[in-house]
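Structure at a glance
Listed here are the chains, written in short residue letters.
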Amino acid sequence: MKTALIFLNGYYDLTKLQFYLQEIETGRKNGATLICADGGIAIFDELNKMDDINLTPDFLIGDLDSINNPTTKPKHIVINWIGKKDKDYTDGQLAVKHAIEENTSEHLIIYGGLPRSEGYETDHFLGNLKLLRLGYVLAKENCSDYKVEMRDPQQTIHFVLSNLYLIGKNKGLQRVSLIADDANAVVKSSQNLRWDLTSLHIHPDLTNTLRNEFIEGAEWAKLQLTEDSDPVYVIHNWYDSDIC
């Protein structure tokens, strides 16, 4: 499965730089393409301040209005959108489109999607969350095994089409929440969750599938959607600092 790592111009926890470093190095080792959406290149600037680190993204895309003298130079700049302020796509959308349509990626991992609290950027987060769905819409005609997730140091948001296997990240509380956009989202079965979701209809207007959790002592949890189910967002987060 061809993978692209996309770095948005959003919130990065700079107290956990090792997380981002490990993600990039693992992605590189596995042949992933690194794509920065405009100001998302700033996380590379931060990482490259560390001793013996010299990371270079493959592509920088967007109108470049959020970049403030980056020291990191990408291998390629997608110049089609530079200077076009009244465009039909956000920088994040451009990055997702480039990953799928130009790079033929089947697995997207998105970073920097959370809002910066001091900026009241709830709108950015909700828009970034929709990028998971956008990738699915763009890829579904050409890719039967599309996979996308949004990762942060203590949280991953999955856009689930059929099934999902979650691994516990530490010995602390593992929370699992499900959200649906569409009316026909149905769980076929679940395992190792405190509240069993088997045969549950995830109603798009209700919140009764928030804050589930791993059963005590479980190291993994699994859920499967029915064959004709609409996609579901699954939010997995954990709370102590011992991240694996």
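Here the structure is shown first, and the text comes after it.
Just so you know, the residues in each chain are numbered from 1, in the order the chain's sequence is written. Note on the predicted model: pLDDT of at least 70 is required for a residue's local features to be given, and 80 or more for side-chain atom pairs to be given and counted; whole-chain, interface and lining totals, by contrast, use all residues. Water and hydrogen atoms were dropped before computing side-chain values, which therefore reflect all heavy atoms in the structure.

1. Structural notes on the sheet that holds strand β13 (residues 232-238)
Keep this limit in mind: When DSSP locates at least two bridges between a pair of strands, those strands are taken to pair. Runs of E in the DSSP output that reach at least two residues are strands. Runs of H or I that reach at least four are helices, and both are numbered from the N terminus. Contacts are assigned to residue pairs that have any heavy atoms within 4.5 Å of one another. Lines are fitted to the C-alpha atoms to define the axes, a helix being fitted only along its stretch in contact, and any angle between axes, read from their N-to-C directions, falls within 0 to 180 degrees.
Strand order in this open sheet of 10 strands is β4-β3-β2-β1-β5-β6-β7-β13-β9-β11, and the pairing throughout is mixed. Strands with a single pairing partner mark the edges of an open sheet, and in this sheet they are β4 (76-78) and β11 (212-213). Summarising the sheet, strand β9 (residues 174-179) and β11 pair through two bridges and their orientation is antiparallel. Bridging from a neighbouring strand, R175 pairs with E213 of β11. Helix-sheet contacts for helix α1 (residues 17-29) involve β1 (3-7), β2 (33-37), β5 (107-111) and β6 (147-152), and the interaxial angle to β1 is about 150°. Its contacts with the sheet put helix α3 (residues 91-102) on β1, β2, β3 (59-61), β4 and β5, and the angle it makes with β2 is roughly 160°.

2. Quick word on the pairing of β13
Let me state the cut-off plainly: Using a 1.4 Å probe on the protein chains alone, a residue whose accessible area is under 20% of its type maximum counts as buried, one over 50% counts as exposed, and one in between counts as partly exposed.
A large share of β13 lies buried, amounting to seven of its seven residues. Here β13 shows a buried face lined by V232, V234, H236 and W238 and a second buried face lined by Y233, I235 and N237. Pairing of strand β7 (residues 155-160) with β13 involves six bridges; the strand directions are antiparallel. What sits directly across from H158, in β13, is V234.

The quantities given are spatial measurements derived from coordinates; they are silent on function.
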